[in-house]
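Chain residues, written in single-letter form:
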There are 4 protein chains.
Amino acid sequence: MLNRKKPSRWQRRADARPQELLDAALAEFVERGYAATRLDAVARRAGVAKGTLYRYYENKFELFKAVVRHALVPGFDEVAQRQHEQPSGARARLVLMLTTFMERVAGSALSGIPKLVIAEAGNFPEVARFYYEEVISRARDMVAGTLREGVATGEFRAIDADYAWRIVVAPLLMSILWRHSFAAFEAEPLDLRHHLEVHLDLLFDGLAADGTDTERT
Amino acid sequence: MLNRKKPSRWQRRADARPQELLDAALAEFVERGYAATRLDAVARRAGVAKGTLYRYYENKFELFKAVVRHALVPGFDEVAQRQHEQPSGARARLVLMLTTFMERVAGSALSGIPKLVIAEAGNFPEVARFYYEEVISRARDMVAGTLREGVATGEFRAIDADYAWRIVVAPLLMSILWRHSFAAFEAEPLDLRHHLEVHLDLLFDGLAADGTDTERT
Amino acid sequence: MLNRKKPSRWQRRADARPQELLDAALAEFVERGYAATRLDAVARRAGVAKGTLYRYYENKFELFKAVVRHALVPGFDEVAQRQHEQPSGARARLVLMLTTFMERVAGSALSGIPKLVIAEAGNFPEVARFYYEEVISRARDMVAGTLREGVATGEFRAIDADYAWRIVVAPLLMSILWRHSFAAFEAEPLDLRHHLEVHLDLLFDGLAADGTDTERT
Amino acid sequence: MLNRKKPSRWQRRADARPQELLDAALAEFVERGYAATRLDAVARRAGVAKGTLYRYYENKFELFKAVVRHALVPGFDEVAQRQHEQPSGARARLVLMLTTFMERVAGSALSGIPKLVIAEAGNFPEVARFYYEEVISRARDMVAGTLREGVATGEFRAIDADYAWRIVVAPLLMSILWRHSFAAFEAEPLDLRHHLEVHLDLLFDGLAADGTDTERT
DNA sequence: AATGAATGAGCGTTCATTCAT
DNA sequence: TATGAATGAACGCTCATTCAT
């Protein structure tokens, strides 16, 4: 670090900059949370001076929003794309949806984003709202829509899709938070694939052994 | 300050003051998160001067840990107590467990604690570890234990309890985070009771309409 | 400075502080102008740490306003007081008014205030407005009122008091600005007393030699 | 940048660019004061990049001085010119002098210069000195000279020209500062022409009604 | 000559922490 | 034990200045 005679104090690379800054900022925000992230650290990580950040983002909050926005677009594109190539059937669609999300978000560095948003929701309602409107509402529509579809076709039992969608999604959220908060304290890491399998198994067929399911709460 | 001569045996325990501080701190931490909580505000809320805090807690972090520690005791006492009065059967025990948790934590001010721990886990691994060891591991043992029991008795289908327990618990976590992060943006508040009902319904009987459950992922 | 083992790091003197801070701030503001004044310097001058300023004044601007306000009250009290003990006659009152102002403001450290306000009026319209409403409007009322009175009693020629008051006051302003801006470049300092004498002489009797005053512009 | 081969003899003088820069800088300095003026804004206003400024002026201060210097030339040329066409008589010359100044400076955008210099005199004694030597001393010589002349010819009463010249000039200064600092808070703008009329009226004939002028201070 | 990306010192402000009372 | 005035390090942000292009 010290021994690396900077190739030149003036690197001009306005084109690559924004992406580098966003990467650095994502990493810092995810590592430390919004408030604890110092712009100095972001800049250092990106290899620029603090002031440089301000050429690209007006302030910390704008940078933060840019990071969130940026990190989520590809994920959603991915999900949307996959929805086209998929087989029919509500169940199959649900499986694909959850699988895609698990692969693209929960299992990647992007998982830091939901974690971050949840952590900072209290302090930055604006961010939470942004996330709610841009991300959550879409996820809700996708999942609840598929649930309703399945119910309509008789594939699924009659359930309240408005509430069930959160139940369906909850294990994904759990996996994200687990990895960010508690996985470190366990000997074995969480096997996301297996986690999803168990979830899907339970989701479709339930806990109850056959014959027990007559009795409902 | 006041000339009270007789602390006598009626004086409040030395612990009394800390309790007020902890209450105030809990409220502030939950409202604002760790970093954004100002000790000034905690002190004001507790009706003492800022310096007084330092008589009881060495610094902000120690206070934080004390708050988390303290807030969890009653919750677990409650759950442990109820476990005795409960009916037999894995399913009934699971229902009771989840219901108790929903009532005592998710639906109360205590829900701020898990929210807080998750939010700050990145910055304070120590707290996360503490929470993991004191709270999560117990919850895991209770839930996974009951699952294994149910599988053993044939009440439940054969599932991997080591993974399934998180799935079972996830909707509770979801409800907590939802209320703290996104509920504000929706017209209707989340009905915790209904949320739990739907969860239990799905949990035991699954989504699949009867006859469909042959095909597994 | 270095050799003065601070008598104790903690000087508690909340009562004296505000005045000391205002004195230091007045000096700095007057010396450097608003924008160029660094709160660090104000604090150092007052012998406190920078943060201490914020116990007393919410921000730089509030400090500035406090300084201005504080510096002007005594001056105006003085003028108001003297108005009572004075002899009758518009001319005598005008003389007293201008003399008092010259002594109490133009000739004292307070002269920094008008100078400062004028200098910063562009950047801080709020301050200018404050000064206009608190100070200038009073001065205008006093002077213009006396002019009208003199015209009414026949002591003064008929002049437009709404415009004349500024003419009457202008040499006072001039003396203030002169001392702050250009006096340093002259061998002899401006003799305020003489300046006022010449002003009063011209003001009452004009430049024109007797017999010439028939011809008016 | 563009491939212009023939600067030829029609190209603008090298000075042309500086003129645009000076105009832009004058406007900004006058609008905001020295400290608050951003070179970015100056550059943008002049239609060049920020770095370009540094081709012509070593730093902000040099630019500032150049602006002041530059802005004063035309004004003085004007006054000097008019001095030739003028009628005889000290009074007439004084009237012309003040009228010219009022029209050419106080009533124009140039009024920003004195305002600026006065405002920044504390921070930039160098500028104040420059202004004093280039502008004020000439004004003083002109006015005081005319006063002495009038006294010598018996047109004026015997007054101390060394002090009276400032009194004579003060209302002009007042009008400039008024317009820049306080005019905005009044319903009606200051009528410069009327202001000057009242000034001249008082200046030559004084306030005192005929017959009162026996009594002098 | 001109550009504008990059720099970094500097300032206003905040707040956890200290300590004389 | 309790107070709250005082501290000072730290951070977000600005902008004059530099320099590779």
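Residues numbered from 1 in each chain as written. Chains lettered and ligands numbered in written order. Predicted model: local features only at pLDDT ≥ 70, side-chain atom pairs only at ≥ 80, totals over all residues. Heavy atoms only, no water.

**Q** Requested: an account of the overall build of chain A, with residues and values cited.
**A** A count of helices and strands for chain A gives nine helices and zero strands. What you see in chain A, going N to C, is helices and strands ordered as α-α-α-α-α-α-α-α-α. Counting over 217 residues, chain A shows a buried share of 51%. For chain A, restricting intrachain contacts to residue pairs at least 6 apart in sequence, the fraction spanning at least 24 positions comes to 64%. As presented, chain A carries roughly 10900 Å² of accessible surface, and 51% of it is formed by carbon and sulfur atoms. (Helix = DSSP H or I, 4+ residues; strand = E, 2+ residues; numbered from the N terminus. Buried < 20%, exposed > 50% of the residue type's maximum accessible area, 1.4 Å probe, protein only. Contact = heavy atoms within 4.5 Å. Areas by Shrake-Rupley, 256 points an atom, 1.4 Å probe, with all protein chains shown as cover.)

**Q** Explain the UniProt feature "DNA-binding region" (unreviewed entry) in chain A to me, using residue names and the numbers behind them.
**A** Per the UniProt record, "DNA-binding region" (unreviewed entry) is annotated on residues 38-57 of chain A. From the first C-alpha to the last, residues 38-57 of chain A spans 14 Å; its make-up is 75% helix and 0% strand. (UniProt positions renumbered as here; feature names shortened; annotations may be inferred.)

**Q** Explain the relation of the copies chain B and chain A to me, and be specific about the residues and the numbers.
**A** For these two chains of identical sequence, chain B goes onto chain A by a turn of 178 degrees and a shift of 0.0 Å along the axis, with RMSD 0.5 Å. In symmetry terms, the pair is related by a two-fold rotation axis. Comparing contact sets, 100% of the residues at the interface of chain B also lie at the interface in chain A, consistent with an isologous, same-surface contact. (Least-squares fit on C-alpha atoms with pLDDT ≥ 70 in both.)

**Q** Quick rundown of the interface of chain D and chain C? Include the residues and the values.
**A** With 66 residues of chain D at the contact, the number on the chain C side is 67 residues. Across the interface of chain D and chain C, roughly 6200 Å² is buried in total on both sides, 64% from carbon and sulfur atoms. Here chain D and chain C share six salt bridges between them. Among the salt bridges present, the one from Arg-166 of chain D reaches Glu-186 of chain C, with a minimum N-O distance of 3.5 Å. Run the count over chain D and chain C and you get 23 residue pairs in polar contact (both at pLDDT 80 or more). Taken together, the elements giving at least two residues each to the side of chain D that touches chain C come down to helix 5 (90-106), helix 6 (112-120), helix 7 (125-153), helix 8 (161-181) and helix 9 (192-205) of chain D. For the side of chain D that touches chain C, the leading source of residues is helix 8 of chain D, giving 13 residues. (Buried area = accessible area lost by both parts, 1.4 Å probe. Salt bridge = Lys/Arg side-chain N within 4 Å of Asp/Glu carboxyl O. Polar contact = N/O pair within 3.5 Å; in protein donor to acceptor, adjacent residues only side chain to side chain.)

**Q** Can you explain the interface of chain B and chain A? Please cite residues and give values.
**A** Contacts between the two partners involve 66 residues from chain B and, on the opposite side, 68 residues from chain A. Applying the counting criterion to the chain B and chain A interface returns six salt bridges. Viewed at the interface, chain A and chain B are joined by 22 residue pairs in polar contact (both at pLDDT 80 or more). Elements supplying a minimum of two residues to the side of chain B that touches chain A: helix 5 (90-106), helix 6 (112-120), helix 7 (125-153), helix 8 (161-181) and helix 9 (192-205) of chain B. Here the side of chain B that touches chain A is composed, by residue class, of 38 nonpolar, eleven polar and 17 charged. (Nonpolar A, V, L, I, M, F, W, Y, C, P; charged D, E, K, R; others polar.)

**Q** Help me get a handle on the environment of Ala-187 of chain C, residues and values and all.
**A** All names here are of chain C. Note that Ala-187 resides in the loop between helix 8 (161-181) and helix 9 (192-205). Classification of Ala-187 by relative accessible area gives exposed; the value is 84%. Separated by 61 residues in sequence, Ala-187 and Glu-126 have C-alpha atoms that sit 38 Å apart.

**Q** Account for the packing of helix 6 (residues 112-120) of chain A against helix 8 (residues 161-181) of chain A, with residues named and values stated.
**A** All names here are of chain A. Following both chains from N to C, one finds helix 6 and helix 8 inclined at 85 degrees, their axes separated by 9 Å at the closest point. On the basis of their axis angle, the class for helix 6 and helix 8 is roughly perpendicular. Contact with helix 6, carried on its side by Gly-112, Pro-114, Lys-115 and Ile-118, involves Leu-173, Ile-176, Leu-177, His-180 and Ser-181 of helix 8 and no other residues of that element. Along the lines of polarity and charge, the residues of the contact of helix 6 with helix 8 split into five nonpolar, three polar and one charged. (Axes fitted to C-alpha atoms, helices over the stretch in contact; angles between N-to-C directions. Parallel < 35°, antiparallel > 145°, perpendicular 65-115°, else oblique.)

**Q** An account of the relation of the copies chain D and chain C is requested, with residue identities and associated values reported.
**A** Both copies of the chain are related by a screw-like operation: a rotation about an axis and a shift along it. Overlay of chain D on chain C (RMSD 0.5 Å): rotation 179 degrees, translation along the axis 0.0 Å. With an isologous cut-off of 70% or more, the 100% of interface residues of chain D that recur at the interface of chain C puts this contact in the isologous class.

**Q** Can you explain helix 5 (residues 90-106) of chain A? Please cite residues and give values.
**A** End to end, helix 5 of chain A covers 22 Å across 17 residues, agreeing with the expected 24 Å (1.5 Å per residue, within 8%). For helix 5 of chain A, the complete set of buried residues consists of Ala-90, Arg-91, Leu-94, Val-95, Leu-96, Met-97, Leu-98, Thr-100, Met-102, Val-105 and Ala-106 of chain A. (Expected span 1.5 Å × (residues − 1).)

**Q** Give a detailed account of the environment of Asp-201 of chain A, specifying residues and quantitative values.
**A** Positionally, Asp-201 of chain A belongs in helix 9 (residues 192-205). Sequence separation between Asp-201 of chain A and Gly-33 of chain A is 168 residues; the distance between their C-alpha atoms is 35 Å.

**Q** Requested: an account of the packing of aromatic side chains, with residues and values cited.
**A** Inspection of every chain in the model, using the stated rule, returns 44 aromatic pairs over all chains. Taken together, a centroid distance of 6.5 Å and an interplanar angle of 90 degrees make the contact between Tyr-34 of chain B and Phe-61 of chain B edge-to-face. Placement of the pair is Tyr-34 of chain B in the loop between helix 1 (16-32) and helix 2 (39-46) and Phe-61 of chain B in helix 4 (residues 60-84), with a sequence separation of 27 residues. Each member of the pair, Tyr-34 of chain B together with Phe-61 of chain B, is buried. Between Phe-182 of chain C and Tyr-131 of chain D, the ring centres sit 6.1 Å apart and the planes meet at 25 degrees, which makes this aromatic pair stacked. Linking Phe-182 of chain C in the loop between helix 8 and helix 9 with Tyr-131 of chain D in helix 7, this pair reaches from one chain into another. Tyr-131 of chain D matches Phe-182 of chain C in its accessibility class, with the two residues each being buried. Among the aromatic residues, those joined into a cluster by ring pairs are Tyr-131, Tyr-132 and Trp-165 of chain A together with Trp-178, Phe-182 and Phe-185 of chain B. Arg-166 of chain A extends its terminal NZ or CZ atom over the ring of Trp-178 of chain B, reaching a point 4.5 Å from the ring centre. A cation over a ring is seen here: Lys-60 of chain C above Tyr-34 of chain C, with NZ or CZ 4.7 Å from the ring centre. (Phe/Tyr/Trp six-rings, centres within 6.5 Å; stacked < 30°, edge-to-face > 60°. Lys NZ or Arg CZ within 6 Å of the ring centre and 35° of its normal.)

**Q** Could you give an account of the pattern of salt bridges, with specific residues and numbers?
**A** Under the counting rule described, the total for this entry stands at 52 salt bridges over all chains. With its nearest N and O atoms 2.7 Å apart, the salt bridge here joins Arg-45 of chain A to Glu-28 of chain A. Here the residue Arg-45 of chain A occupies a position in helix 2 (residues 39-46), and Glu-28 of chain A occupies one in helix 1 (residues 17-32), the gap between them amounting to 17 residues. Residue Glu-28 of chain A is classed as buried on the basis of its relative accessible area, which comes to 4%. With its nearest N and O atoms 3.3 Å apart, the salt bridge here joins Asp-141 of chain C to Arg-140 of chain C. A relative accessible area of 49% places Asp-141 of chain C in the partly exposed class. A residue is classified by how much of its surface remains accessible, and Arg-140 of chain C, at 22% relative accessible area, is partly exposed.

**Q** Hey, could you go over the packing of helix 5 of chain A against helix 8 of chain A for me, with residue numbers and the actual values?
**A** Residues and elements named next belong to chain A. Contact geometry for helix 5 and helix 8: axes closest at 11 Å, N-to-C directions at 20 degrees. Taken together, the axes of helix 5 and helix 8 lie roughly parallel to each other. Classified by chirality, the crossing of helix 8 by helix 5 is right-handed. Contacts from Leu-98, Phe-101, Met-102, Val-105 and Ala-106 of helix 5 reach helix 8 at Val-168, Leu-172, Ser-175, Ile-176 and Arg-179. Among the residues forming the contact of helix 5 with helix 8, the class breakdown is eight nonpolar, one polar and one charged. (Left-handed = near helix turned anticlockwise from the far one by under 90°.)

**Q** Just give me the short version of the confidence of the model for chain A, but keep the residues and values in it.
**A** Residue and element names in this part refer to chain A. Confidence along chain A averages 84 in pLDDT terms, with 87% of residues attaining 70 or more. Of all secondary-structure elements in chain A, the lowest mean pLDDT belongs to helix 4 (residues 60-85), at 79, while helix 9 reaches the highest, 97. With pLDDT under 50 throughout, residues 1-8 is counted as low confidence; its partners more than four residues away or in other chains account for zero contacts. The low-confidence segment residues 212-217 (pLDDT under 50) makes twelve contacts with residues lying over four places distant or belonging to another chain. (pLDDT = per-residue confidence, 0-100.)

**Q** Can you tell me about the side chain of Lys-65 of chain D, naming the residues and giving the values?
**A** Residues and elements named next belong to chain D. Note on placement: Lys-65 falls in helix 4 (residues 60-84). On the basis of relative accessibility, which here comes to 11%, the residue Lys-65 falls in the buried class. Looking at Lys-65, its side chain comes within polar contact range of the side chain of Glu-62, at 3.2 Å. Other than its neighbours up to four places away in sequence, Lys-65 contacts Glu-126 and Val-127.

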